[in-house]
Amino acid sequence: MSKAQPPICDYEGSDYQTTFWEQGGREYEDRAEAIALRRLLPEGGRRILEIGAGAGRNTPRYEGFEQIVLFDYSRTQLEQAQARLGRSDRFVYVIGDVYQLPFGEAVFDAATMIRTLHHIAEPGRALAKIRESLVAGSTFILEFANKRNLKAIVRWALRRQSWNPFTREMVEFASLNFDFHPDHVRTLLEQQGFDIRRQLSVSHFRLGVLKRVVPLGILIALDAMFQPTGAWLQVTPSVFVEAHLPGTGELSELIFACPSCGEREMNSVLEGLRCTTCGSLWELRDGIYNFKEPLESSKIG
């Protein structure tokens, strides 16, 4: 990562999938997010980009797409996803930096970014790269941690937190963990040319006492009932946005572009992919592409 790059939250070696999702009492949140995705995703498409795919928790929910590209900064997270999903032409595993996406223009007709924006220090810069990779007419599903949630409002009113949940700027409540105001996120998307079609409020009942006392099925049913209120009011800790790029376009058959120079033409070699322009060699090992740092960067001689 160059010095000009923003800091990146790295889950390398983390057991996040096990400790947070499988053993952390998060079934309510997981199932509520599944409902939101089912409501917002198109029925299907050619190729979808899953940014911050992690261990592949959400990947099976994109069943209508012919090909799914799982993108994450951590190799160990993608190795867990690969162990869950297996190897096939349908799943493409890619390590890389969201600020230097290794994809060309018009590569995807859909993309998702779930539980990832809250780790992005420069969201506008990241969204600009995502937008470049999407074809006109595509759908982008973005989830963000809502700064203006009910708990934060109450804490601020009681003077138990210093930051104001109603101001538009993002707040870093822990290192590389950000909450966003809904108006700020809408502005960021509109600046990249997205049209916002729907918003859902998700995880209305993310309180330990409620999850212990109220049966899970009831919480899920209630959350599903209230999610559409996100169209006019967002006070939940999680908000899902369905955004679209206007127009129509033709999907590119070439997926990758060299992060070093932007060249679309790369040759398959034993070690991975070699850029035909700058000579950068990008590793392919055990079915996972690595575009974080090239194995070699010298000009082909």
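Visitor: Please set out the overall build of the chain residue by residue, giving values where relevant.
Guide: A count of helical and extended segments in the chain gives eight helices and 13 strands. For the chain, the C-alpha radius of gyration of 20 Å lies close to 19 Å, the compact-globule estimate for 301 residues. Dimensions along the principal axes, computed over C-alpha positions, put the chain at roughly 65 × 40 × 35 Å. Of all 301 residues assigned to the chain, the portion counted as buried reaches 51%. Within the chain, contacts between residues separated by at least 24 positions form 67% of all contacts whose residues are at least 6 apart in sequence. In the structure as shown, the chain presents an accessible area of about 14,000 Å², 51% of it carried by carbon and sulfur atoms.

Visitor: An account of the nonpolar core is requested, with residue identities and associated values reported.
Guide: Ranked by size, the top nonpolar core spans 44 residues in total, and within it V94, F103, F140, L189 and F256 carry the most contacts. Among the elements that make up this core, the one with the highest residue count is strand β5 (residues 134–145) (four residues). Every residue in contact with F103, bar those within four places of it in the chain, is listed here: L49, V69, F71, V94, F108, S133, I255, F256 and A257. One finds L78, Y93, I141 and V202 within the second-largest nonpolar core, a separate group that totals 23 residues.

Visitor: So, a nonpolar patch on the surface: which residues are in play, and what are the values?
Guide: Side chains of L150, V154 and L158 sit close together on the surface and give an oily, nonpolar patch of about 280 Å² of accessible area. One can find L158 in the loop between α5 (150–157) and β6 (171–174).

Visitor: Could you give an account of the side chain of R274, naming the residues involved and the relevant values?
Guide: Within the secondary structure, R274 is located in strand β11 (residues 272–275). Of note is the side chain of R274, whose polar atom sits 3.0 Å from the side chain of E296.

Visitor: Lay out the packing of aromatic side chains with the relevant residues and their values.
Guide: Evaluation of the coordinates by the stated rule reveals 13 aromatic pairs. A centroid spacing of 5.8 Å and a plane angle of 65° characterise the contact between F71 and F103, whose relative ring orientation is edge-to-face. On the criterion of sequence distance, the pair formed by F71 in strand β2 (residues 65–72) and F103 in the loop between β3 (91–95) and β4 (108–113) is long-range, its members being 32 residues apart. Accessibility assignment for this pair places F71 and F103 in one class, buried. The interplanar angle of 35° and the centroid separation of 5.0 Å between the aromatic rings of F256 and F291 together place this pair among those described as tilted.

Visitor: Requested: an account of the sheet that holds strand β13 (residues 288–290), with residues and values cited.
Guide: Read from one edge to the other, the open sheet built from eleven strands follows the order β8-β9-β5-β4-β1-β2-β3-β13-β12-β11-β10, with strand pairing classed as mixed. Lying at the two open borders of the sheet, with one neighbouring strand each, are β8 (195–202) and β10 (266–269). Going across the sheet, the axis of each strand differs from the next one's by a mean of 20°, ignoring polarity. Two strands pair when backbone bridges link them, and β11 and strand β12 (residues 281–285) are joined in this way by three bridges, in the antiparallel orientation. Bridge pairing in β12 links G272 to E283. Contacting β1 (45–51), β4 and β5, helix α4 (residues 123–133) runs over the sheet at an angle of about 150° to β5.

Visitor: Lay out helix α6 (residues 182–191) in plain terms, naming residues and giving numbers.
Guide: Those residues of α6 not exposed but buried are P182, H184, V185, R186, L188 and L189. Packed against the buried residues of α6 are α4, β5, β8 and β9 (238–244). Just past α6, the residue G193 takes up positive phi, approximately 90°.

Visitor: Describe the pairing of β4, naming the residues involved and giving the relevant values.
Guide: Burial analysis of β4 places five of its six residues in the buried class, the great majority of the element. Sheet topology places β1 next to β4; four bridges connect them, and they run parallel. Bridging across to β4, I51 finds its partner in M113. Bridge count between β4 and β5: five bridges; the pairing is parallel. Within β5, the residue paired with F108 across the bridge is L134. For the segment spanning β4, α4 and β5, crossover handedness is right-handed.

Calculation criteria
Residues numbered from 1 in each chain as written. Predicted model: local features only at pLDDT ≥ 70, side-chain atom pairs only at ≥ 80, totals over all residues. Heavy atoms only, no water. Helix = DSSP H or I, 4+ residues; strand = E, 2+ residues; numbered from the N terminus. Rg over C-alpha atoms; globule rule 2.2 N^0.38 Å. Buried < 20%, exposed > 50% of the residue type's maximum accessible area, 1.4 Å probe, protein only. Contact = heavy atoms within 4.5 Å. Areas by Shrake-Rupley, 256 points an atom, 1.4 Å probe, with all protein chains shown as cover. Core = buried A, V, L, I, M, F, W, Y, C linked by side-chain atoms within 4.5 Å. Patch = residues over 30% accessible without salt bridge, like charges linked within 9 Å, V, L, I, M, F, W, Y side chains within 5 Å. Salt bridge = Lys/Arg side-chain N within 4 Å of Asp/Glu carboxyl O. Polar contact = N/O pair within 3.5 Å; in protein donor to acceptor, adjacent residues only side chain to side chain. Phe/Tyr/Trp six-rings, centres within 6.5 Å; stacked < 30°, edge-to-face > 60°. Pairing = 2+ DSSP bridges. Axes fitted to C-alpha atoms, helices over the stretch in contact; angles between N-to-C directions. Right-handed = clockwise from strand over helix to strand, strands pointing away.

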